[in-house]
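Below, each chain spelled out in residue letters.
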Amino acid sequence: MLYLILGLLLFLGTHSVRIVADGWRTRTRARLGALRWRGLYTLLSLLGFVLIVWGFGQARQAPLQLWSPPLSLRHLAMLLTLLSFVLLAAAYVPGNRIKARMHHPMTLAVMLWALAHLLTNGSLAHGVLFGTFLVWALLVFMAARQRDARDSTRYSRGTTGATGITVALGVALWIAFTLWLHGLLIGVRPFG
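As the structure is a computational prediction, the values presented were derived from the model and not from experiment. (Residues numbered from 1 in each chain as written. Predicted model: local features only at pLDDT ≥ 70, side-chain atom pairs only at ≥ 80, totals over all residues. Heavy atoms only, no water.)

## Considerations on a nonpolar patch on the surface
A surface patch of nonpolar side chains, about 1100 Å² in accessible area, is lined by Met1, Leu2, Tyr3, Ile5, Leu6, Leu9, Trp54, Leu64, Leu66, Trp67 and Leu124. Of the residues forming the nonpolar patch, the biggest block, five residues, is contributed by helix α1 (residues 2-14). Inspection of the secondary structure assignment puts Leu64 in the loop between α4 (34-61) and α5 (73-92). (Patch = residues over 30% accessible without salt bridge, like charges linked within 9 Å, V, L, I, M, F, W, Y side chains within 5 Å. Areas by Shrake-Rupley, 256 points an atom, 1.4 Å probe, with all protein chains shown as cover. Salt bridge = Lys/Arg side-chain N within 4 Å of Asp/Glu carboxyl O. Helix = DSSP H or I, 4+ residues; strand = E, 2+ residues; numbered from the N terminus.)

And the structure:
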């Protein structure tokens, strides 16, 4: 569990600098240069990610079960992850109405993903991993919305075509991940 917690601190800490120390981030990025800043950011993020994966894998070997989720929550989790994949696609497809409305779909995608996994997994390791991501995403979302308000950020209205592409891409990614990639990468088949 120690490596999981260290990985979460490193990965999410790196991704939280803008929330807790935006001025320091701006000054340090200017001092180091954008390329060196990105390199350091990427290195720390990858190290954190590796520690998360390794620590979570170790914690899953001897799980401490906190609660037994009812089987019926799997259906809700499937819906939440489907919405999560659509929001994830919305973060990358330009000119879609979902991003125009939600403003920060990637962060919302992480929230739904984490909530879905919290609902269907009752071990301590799952609670630590997904609970931390849920709280982090909520804080990031609130900070981003405050930044938008402070900076009077305007988002384009989006188009129907781009929105259709976004939804189709999100659904296709969800199908691929749920039916094949989740089992291949994580070792758990959601429909299994």
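Here the narrative resumes.
## A short note on the packing of aromatic side chains
Overall, the coordinates contain nine aromatic pairs when judged by the stated rule. Site record: aromatic cluster; members linked through ring pairs are Phe11, Phe49, Phe56, Trp113, Phe130, Phe133 and Trp136. (Phe/Tyr/Trp six-rings, centres within 6.5 Å; stacked < 30°, edge-to-face > 60°.)

## A few points about the pattern of salt bridges
For the structure on display, the rule yields two salt bridges. Asp22 serves as the salt-bridge partner of Arg18, at 3.8 Å between the closest nitrogen and oxygen. In this structure Arg18 comes out as partly exposed when scored by relative accessible area, which is 39%. Its relative accessible area of 23% is what places Asp22 among the partly exposed residues. Between Asp151 and Arg150 there is a salt bridge, and its shortest N-O distance comes to 3.0 Å. (Buried < 20%, exposed > 50% of the residue type's maximum accessible area, 1.4 Å probe, protein only.)

## A few points about the nonpolar core
Formed by 25 residues in total, the largest nonpolar core has its most connected members in Leu4, Leu8, Leu12, Ile52, Leu129, Phe133 and Trp136. No other element matches helix α8 (residues 124-151), which puts nine residues into this core. In this structure, Leu73, Leu80, Ala116 and Leu119 belong to the second largest nonpolar core, which totals five residues. (Core = buried A, V, L, I, M, F, W, Y, C linked by side-chain atoms within 4.5 Å.)

## Some details on the side chain of Arg25
Among the structural elements, Arg25 can be located in helix α3 (residues 22-32). Look at Arg25: it is buried, it has no salt bridge, and the nearest opposite charge is Asp22 at 4.0 Å. Once residues lying within four places of it in the same chain are set aside, the contact partners of Arg25 are Val17, Arg18 and Trp37. (Lys, Arg positive; Asp, Glu negative; His and termini not counted. Contact = heavy atoms within 4.5 Å.)

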